[in-house]
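Spelled out from the first residue to the last, the chains are:
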Amino acid sequence: MPSGRTVLLLRRLSTGDNKLKTITINQNTTKEPLLANPVYIHRDLSLSKRLSTFGPNNIGVPQLTRSLSDNKIIMASSNTDTAKQEKPKHTNRLITEKSPYLLQHAHNPVEWYPWSQEAIDKAKEENKLIFLSVGYSTCHWCHVMEKESFESEDVAKVMNEHFINIKVDREERPDIDRVYMLFIMATSGGGGWPMSVFLTPDLRPVTGGTYFPPEDRWGRPGFKTILLSLAKKWKNEQQQFLEASSNIIQALQKISILDSGSSNSVPSETAWELCVSRYKNLYEPEFGGFGSAPKFPQASIFNFLFHYYARDKNHTEGKKCLEMCLHTLQKIAKGGIHDHVSSGFARYSVDNDWHVPHFEKMLYDQAQLIVAYADGFLATKDKFYADVVRDIAKYVKRDLRHESGGFYSAEDADSYPQFGASHKKEGAFCTWEYKELKSLLKTKVTYDITYLDVFCDYYSIEADGNISPESDPHGELVNQNVLIIYGSKEETAEKFGLSLEQLDQIISECINILYEARQKRPRPHLDTKMLCSWNGLMIAGLAQAGQALEDKDYVADAIKTAEFIKKYLYNNSTKTLIHSCYRAEDGSVAQIDQPIQGFLDDYAFLIKGLINLYEASLDYRWLQWARDLQLKQDELFWDSENGGYFSCSADDSSVVLRLKEDQDGAEPSGNSVSCHNLLRLAAYADKSSAPEGGESEREMAKKILQTFSKRLTTSPTSLPEMMSALMFYNDSPTQVLIAGGFTDPRTLELVHVVRSRLLPGRVLCVADPTESPAGMSDILLSRIRSVGDVPTAYVCRRYACSLPVTDVKQLENLLDEPTTVTTPSAKK
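The protein chain goes by Spermatogenesis-associated protein 20-like TRX domain-containing protein in an unreviewed UniProt entry, where it is assigned to Arctia plantaginis.

For the protein chain, the count of helices and strands is 29 helices and 26 strands. Within the protein chain, contacts between residues separated by at least 24 positions form 73% of all contacts whose residues are at least 6 apart in sequence. For the protein chain, the exposed surface amounts to about 30300 Å²; the carbon and sulfur share of it is 48%.

Turning to the packing of aromatic side chains, a few remarks are in order. Summed over all chains, the structure comprises 31 aromatic pairs. Here phenylalanine 163 and phenylalanine 198 contribute two aromatic rings whose centre-to-centre distance is 5.6 Å and whose plane-to-plane angle is 55°, an arrangement assigned as tilted. Placement of phenylalanine 163 in strand 4 (residues 163-169) and of phenylalanine 198 in strand 5 (residues 195-199) is noted, with a sequence separation of 35 residues between them. In this structure phenylalanine 198 comes out as buried when scored by relative accessible area, which is 0%.

So, on to unusual backbone geometry. In terms of backbone geometry, most residues other than glycine have negative phi values and most peptide bonds are trans. The peptide bond linking tryptophan 193 to proline 194 adopts the cis configuration, its omega dihedral lying at 5°. Cis geometry marks the peptide bond from alanine 293 to proline 294, where omega comes out at -5°. The backbone of leucine 618 shows a phi angle near 60°, a positive value even though the residue is not glycine. As for its placement among the helices and strands, leucine 618 is situated in the loop between helix 22 (600-617) and helix 23 (620-637). For leucine 618, a relative accessible area of 14% puts it in the buried group. At serine 732, a residue that is not glycine, the phi angle is positive and equals roughly 75°. With respect to the secondary-structure elements, serine 732 resides in the loop between helix 27 (720-731) and strand 23 (734-739).

One can describe the packing of helix 25 (residues 695-707) onto helix 27 by two numbers: an axis separation of 11 Å at closest approach and a directional angle of 130°. Taken together, the axis directions place helix 25 and helix 27 in an arrangement best described as oblique. Helix 25 and helix 27 meet at a crossing whose hand is left-handed. Facing helix 25, whose interface residues are Arg698, Lys702, Ile704 and Leu705, helix 27 presents Met722, Leu726 and Tyr729. Looking at side-chain class alone, the contact of helix 25 with helix 27 contains five nonpolar, no polar and two charged residues.

What follows covers the pairing of strand 25 (residues 792-797). With six of six residues buried, strand 25 lies mostly within the body of the structure. In strand 25, alternate side chains face the same way, and those of Thr792, Tyr794 and Cys796 on one face and Ala793, Val795 and Arg797 on the other are all buried. Pairing between strand 23 and strand 25: six bridges, direction antiparallel. Residue pairing in the sheet places glutamine 735 in a bridge with cysteine 796 of strand 25. Pairing of strand 25 with strand 26 (residues 800-801), which is carried by two bridges, proceeds in the antiparallel orientation.

Here the focus is the sheet that holds strand 22 (residues 589-590). The strand order across the open sheet built from three strands is 18-21-22, with neighbouring strands paired in antiparallel fashion. Where the open sheet ends on each side, the last strands, each with one partner, are strand 18 (529-531) and strand 22. Judged from the two bridges that link them, strand 21 (residues 580-583) and strand 22 form a sheet pairing that is antiparallel. Bridged to arginine 583 within strand 22 is valine 589.

This part takes up the confidence of the model for the protein chain. Detailed reading of the predicted coordinates is not advisable wherever pLDDT is low. Here the protein chain shows a mean pLDDT of 87. Residues at 70 or above account for 86%. This stretch, residues 15-80, has a pLDDT under 50; its non-local contacts, to residues over four places away or in other chains, come to 251 contacts. Note on residues 822-828: pLDDT is under 50 here. Beyond four places in sequence and across chains, it has 12 contacts.

This brings us to empty space enclosed by the protein. To find leftover empty space, one rolls a probe the size of a water molecule over the atoms. Scanning the entire structure with this criterion turns up 15 cavities of 30 Å³ or more. In this structure, the largest cavity encloses a volume near 600 Å³. Along the walls of the largest cavity sit 27 residues, with Asp375, Gln544, Arg680, Leu759 and Gly761 positioned nearest its centre. Elements supplying a minimum of two residues to the lining of the largest cavity: helix 12 (299-311), helix 14 (363-380), helix 20 (532-548), helix 22, helix 24 (670-683) and helix 27. Of the residues in the lining of the largest cavity, the class split is 10 nonpolar, nine polar and eight charged.

Another aspect to go through is the sheet that holds strand 6 (residues 205-209). Strands sit in the order 2-4-3-5-6 across an open sheet of five strands; the sheet is mixed. Each edge of the open sheet is held by one strand with a lone partner, namely strand 2 (112-114) and strand 6. Geometrically, the sheet is characterised by an average inter-axis angle of 30° between neighbouring strands, direction not taken into account. With seven bridges joining them, strand 3 (residues 129-135) and strand 4 adopt parallel strand pairing. If you follow serine 133 over to strand 4, its bridge partner there is lysine 167.

Under the definition given, this model contains two disulfides. Disulfide pairing places cysteine 139 opposite cysteine 142 at an S-S distance of 2.4 Å. Here cysteine 139 and cysteine 142 share a disulfide; its torsion about the S-S bond, 80°, makes the bridge right-handed. Taking relative accessible area as the criterion, cysteine 142 reaches 1% and is therefore assigned buried. One disulfide in the model links cysteine 796 with cysteine 801; its S-S distance is 1.9 Å. The disulfide joining cysteine 796 to cysteine 801 has a torsion of about 100° about its S-S bond and is therefore right-handed. Overall, cysteine 796 belongs to the buried group, its relative accessible area being 0%. Across the protein chain, the disulfide pattern expressed with sequentially numbered bonded cysteines is 1-2, 3-4.

Quick look at the pairing of strand 21 now. Note on strand geometry: in a regular strand, side chains alternate between the two faces of the sheet. Pairing of strand 18 with strand 21 involves three bridges; the strand directions are antiparallel. By the bridge assignment, leucine 531 is partnered in strand 21 with serine 580. Between the end of strand 21 and the start of strand 22, which pair antiparallel, lie five residues, with glycine 587 showing a positive phi angle near 95°.

All chains considered together, the criterion is met by 45 salt bridges. A salt bridge links aspartate 387 to lysine 383; the nearest nitrogen and oxygen atoms lie 2.8 Å apart. You can see aspartate 387 and its partner lysine 383 sitting in helix 15 (residues 383-399), four residues apart, about one turn around the helix. Take aspartate 387: its relative accessible area is 33%, and that puts it in the partly exposed class. One salt bridge connects arginine 621 with glutamate 563, and the closest N-O pair in it is separated by 3.5 Å. Within this pair, whereas arginine 621 is found in helix 23, its partner glutamate 563 is found in helix 21 (residues 552-568), the two being separated by 58 residues in sequence. With a relative accessible area of 39%, glutamate 563 lands in the partly exposed category. Three or more residues are tied together by salt bridges with common partners; here these are Asp169, Glu171, Asp527 and Lys529.

Here the focus is helix 7 (residues 153-162). Burial in helix 7 covers these residues: Val155, Ala156, Val158, Met159 and Asn160. Each element contacted by the buried residues of helix 7 is listed here: strand 2, strand 3, helix 6 (140-150), strand 4 and helix 9 (223-236).

With that settled, the discussion passes to the packing of helix 11 (residues 269-282) against helix 27. Packing of helix 11 against helix 27 brings their axes to within 10 Å, and their N-to-C directions diverge by 140°. Pair helix 11 / helix 27 crosses with left-handed handedness. Of helix 27, the residues touching helix 11 (which contributes Ala271, Trp272, Cys275 and Tyr279) are Pro720, Met723, Leu726, Met727 and Asn730. For the contact of helix 11 with helix 27, the class distribution of residues is eight nonpolar, one polar and no charged.

Conventions and cut-offs
Residues numbered from 1 in each chain as written. Predicted model: local features only at pLDDT ≥ 70, side-chain atom pairs only at ≥ 80, totals over all residues. Heavy atoms only, no water. Helix = DSSP H or I, 4+ residues; strand = E, 2+ residues; numbered from the N terminus. Contact = heavy atoms within 4.5 Å. Areas by Shrake-Rupley, 256 points an atom, 1.4 Å probe, with all protein chains shown as cover. Phe/Tyr/Trp six-rings, centres within 6.5 Å; stacked < 30°, edge-to-face > 60°. Buried < 20%, exposed > 50% of the residue type's maximum accessible area, 1.4 Å probe, protein only. Axes fitted to C-alpha atoms, helices over the stretch in contact; angles between N-to-C directions. Parallel < 35°, antiparallel > 145°, perpendicular 65-115°, else oblique. Left-handed = near helix turned anticlockwise from the far one by under 90°. Nonpolar A, V, L, I, M, F, W, Y, C, P; charged D, E, K, R; others polar. Pairing = 2+ DSSP bridges. pLDDT = per-residue confidence, 0-100. 1 Å grid on protein atoms, 1.4 Å probe; cavity = no way out; pocket = protein on both sides within 12 Å on 5 of 7 lines; lining within 4 Å. Points joined across faces, edges and corners; volume = space filled by probe spheres on them. Disulfide = S-S within 2.5 Å. Salt bridge = Lys/Arg side-chain N within 4 Å of Asp/Glu carboxyl O.

Printed below as a string of structure tokens:
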């Protein structure tokens, strides 16, 4: 863990101390908060091991706001989704890019470069500071800063004269984003997007912040003032800049080193018991979730708590974990963060009730929440959770999918309130005024009861809007309603004298009417970038949904996405993944001239998806591809000296620092997912040191747990996904091995028993004795035989297998046994 002295040094160095300290530009006026509560809420702001140095009283948490009253997103000619297209006055180098975010800035008067050697060489040749601006296409405050500063010819003139200006899509280049976000957070105690960093020509950071207003205000310098001051200081005091930047890099390198602690052991059950205890303390019992507003549906927490419960379903603490999961999932699904009209989930809620969301929708949230609700269904068999799974799947397939099978990244929160409007508003596509609802539903009547009255009662609609001023501090949502269910169907049905079937029919008809009305509104911007990592999560989610709900269509969808990745995001000659591809104007799949090579998350998330897909489809080729990708991941990212995986490979010299992700936030970290993957892959082989054995994968998983051991023991809630992997490692997998014909109904009955249960650390293998696919010899199952011609199952725990069973009830009894180890042995 970094010392306070290191952080203080960074803060001084970021403004050059002494002579350079006169310019203080670090600000936290970003829309995206760093921390809203003790639970880590956004993965890409992962600095908890650094933040702990600052102390809880020193972390400045910006108040979450929708926008400043004078910051409207004015219609700009550079945006491709404007209501009126005009010939652009300016065009810069971003025009040849494919990223929707970069294209949004292609007609700024700023002479933007994409991240490239050309830009770096230009900075060195002209001896200029680099201004690096990082954001993403659905980022509200990125839009604000573009309108205020990057579209200003006066500001652009200063930028072009004194700086080399580089624009980066953080989702396209997470490696660059993480390096400089580490710097911003260490120097300011906060972070967010847009991220604005000033670099020396050799890419070392000097100073920076997030969003900057265009003019001086609130006692802080405006962006133009900052530009002119830095340009002057670079010209007159360049040596101090260079010395400071060199020291900054050294300090960042120290901060980035993971401290595994003095012990070289894997943490014991004390770590996960402490994790459960902290989540119980953070739990908000009324509306669920962990901590106060703003509230994020952090799926890794659900994964951990469901796993803890399922290890022993009769354990008191486990039952409490289940209760926390189910109550939170119910409240999220009933809340405004859930789009009741168009399906899917927004990123987070600004209030405690999950009512008023930040309306942006991200693919990674949909992918992970499918798994959470599928687990909720497996734990309860309650149709409520299955319906939410179907709702998410409907949204992503309808609104986020390319026809070839890939999934787009996100939908924006901002959109035009009507065609021809001069500026965008957050939530304009999603919110409702009472008078509009009245005009849409007033003619619908049944049993002398108006649909409008029933609908308004069920979804808490009010004539003057149902959004409190506290959730709308700048008055953007006055008189608007966000649908939320505070009561229940039973209460509304009783109030109006309806049966539940009648109420369902009324609500369904109303939702259909509102959906059609919404389609007539200007749609939010769609980020059509397709990321390997997020598509890997989507494969995992669809495969899990297919198993839990026994829906072959979801499995088919997952297969289509896997095939899409193999065609467009995989280099068969090098056996490596490509990070991103794009939808072209004609609807085809496009790629940039130099494709961005895959990062750790691309491999880890896809491998997870492929293992899930194997268990859902029983098609061995997906498991084999997962094994091949794991070997390539080890080659590219494994730290052979200290253990764990770096987030990026060593191939790109423009990335000044290789980092290891140590937070499970909005997305799980690549190391956490990889730890699971390695343990699962090991379980598909016998426990031997032979090349085809699983001991090497298990040893690598052990090394990850050792590398992150101090984080797991001192800050357990920072890594819930890895904590789940720790339990998996401690308990060993539950291997369910079935020998029988794939089409034999008796085999399928045995498979159904497995898939219908919430089983922690489950590994499912099915082999047809009449088939012998290439590579099957490396699976433990190849040594298992059926009893005569009867499909046979074996349940293996701690690498000891049960006697063969052929009866469904016998298999159920074996699977329902607790998987916990009474006295965990210390694993050195």
